[in-house]
Amino acid sequence: MVIRIDQSDEVPIYLQIRNQIIEGIARGELSSGDSLPSVRQLAADLGINLHTVNKAYAVLRDEGYVAMRGRKGAFIANAQSIGAPSHQTIDDEQMASGIYRLALEHRARGGTPESFMAIAKSQVAHAFEIEDPSNSKGNLPPKEVGND
C-alpha cells in the first residue's frame, strides 16, 4: 500500500495518513498483524515531520485500528478488537456526529436533503464496492465528491 499526502489539502496530514490506512484495511490491502512502516521511515518517505506520523499512529491506536508493540512498531489490530463493542459505540457516535455536521454544511451551501442523500448513497456504494442502483450506467460511483 502506498500512502500519498497532499500538502495543499485542507485535511491535516496526520488525518490523510489515518484515512488512507483505514481505507487500506477496508479494501483488504492491510490485514490483521501486518506491520506498518516505522514512524521515522514513513516520515522520511513522505518528507514530513516524524511527529505528524506519530500523531496519525496514535489516533489509529486510540480508535482500535492499530496495536503498538513497543520497539517492534505498529501493527494492524485484529478485526475483533476493531469491532469491539467499546470501539463500535464510539465509532457509531462519531459517525452520526460527522454525518450531521456534513448535512448541516450541505444545507448551509444551499443543498437539499435529496441531493445529500444521493451523494451519501453513492459514497456508501463505493465504500462497500457495490453497484449504485441510482447510477444508470451500472458503474461504481466516483471515489470522492466535493462539498457542494
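Relevant structure appears above.
Basis of the calculations
- Residues numbered from 1 in each chain as written.
- Predicted model: local features only at pLDDT ≥ 70, side-chain atom pairs only at ≥ 80, totals over all residues.
- Heavy atoms only, no water.
- Salt bridge = Lys/Arg side-chain N within 4 Å of Asp/Glu carboxyl O.
- Helix = DSSP H or I, 4+ residues; strand = E, 2+ residues; numbered from the N terminus.
- Buried < 20%, exposed > 50% of the residue type's maximum accessible area, 1.4 Å probe, protein only.
- Phe/Tyr/Trp six-rings, centres within 6.5 Å; stacked < 30°, edge-to-face > 60°.
- Lys NZ or Arg CZ within 6 Å of the ring centre and 35° of its normal.
- Arc of directions from axis to C-beta.
- Contact = heavy atoms within 4.5 Å.
- Polar contact = N/O pair within 3.5 Å; in protein donor to acceptor, adjacent residues only side chain to side chain.
- Axes fitted to C-alpha atoms, helices over the stretch in contact; angles between N-to-C directions.
- Parallel < 35°, antiparallel > 145°, perpendicular 65-115°, else oblique.
- Left-handed = near helix turned anticlockwise from the far one by under 90°.
- Nonpolar A, V, L, I, M, F, W, Y, C, P; charged D, E, K, R; others polar.

(A) Representation of the pattern of salt bridges within the structure. What the rule picks out here adds up to five salt bridges. With its nearest N and O atoms 2.9 Å apart, the salt bridge here joins Arg18 to Glu63. One end of the pair, Arg18, is in helix H1 (residues 13-26); the other, Glu63, is in the loop between helix H3 (50-62) and strand E1 (66-68), with 45 residues separating them in the sequence. Classification of Arg18 as buried rests on a relative accessible area of 19%. Given a relative accessible area of 14%, Glu63 falls into the buried group. As a salt-bridge pair, Asp62 and Arg61 come within 3.0 Å of each other at their nearest N and O atoms.

(B) How the structure looks around the packing of aromatic side chains. Considering all chains together, one arrives at zero aromatic pairs under this definition. Of note, Lys55 hangs over the ring of Tyr14, and the distance from its end group to the ring centre comes to 4.2 Å. Over the ring of Phe75 we find Arg69; its NZ or CZ atom is 4.1 Å from the centre of that ring.

(C) View of helix H2 (residues 39-46). Among all positions of H2, only Val39, Leu42, Ala43 and Leu46 are buried. With its buried residues spanning 100° around the axis, H2 presents them on a single face. Seen from the open side of H2, the exposed residues pointing more than 90 degrees away from its buried face are Arg40, Ala44 and Asp45. Structurally, H2 contributes buried residues whose contacts are with H1 and H3.

(D) View of the side chain of Gln16. On the secondary structure map, Gln16 appears in helix H1. When its relative accessible area of 7% is taken as the criterion, Gln16 is described as buried. Engagement of the side chain of Gln16 in a polar contact is seen with the backbone nitrogen of Asp6, the distance being 2.7 Å. Apart from residues no more than four positions distant in its own chain, Gln16 is found in contact with Arg4, Ile5, Asp6, Asp9 and Val11.

(E) Expanded view of the environment of Ala56. Assignment of secondary structure puts Ala56 in helix H3. Along the backbone, Ala56 and Ile17 are 39 residues apart, and their C-alpha atoms lie at a distance of 6.3 Å.

(F) Region of interest: the packing of H1 against H3. Viewed as axis vectors pointing N to C, H1 and H3 meet at an angle of 45°, and their least axial separation amounts to 8 Å. Accordingly, the angle class assigned to the pair H1 and H3 is oblique. When you trace H1 past H3, the crossing you get is right-handed. Counting all contacts with H1, which are made through Ile13, Tyr14, Ile17, Arg18, Ile21 and Ile22, the residues of H3 involved are Thr52, Val53, Lys55, Ala56, Tyr57, Val59 and Leu60. Grouping the amino acids of the contact of H1 with H3 by side-chain chemistry returns 10 nonpolar, one polar and two charged.

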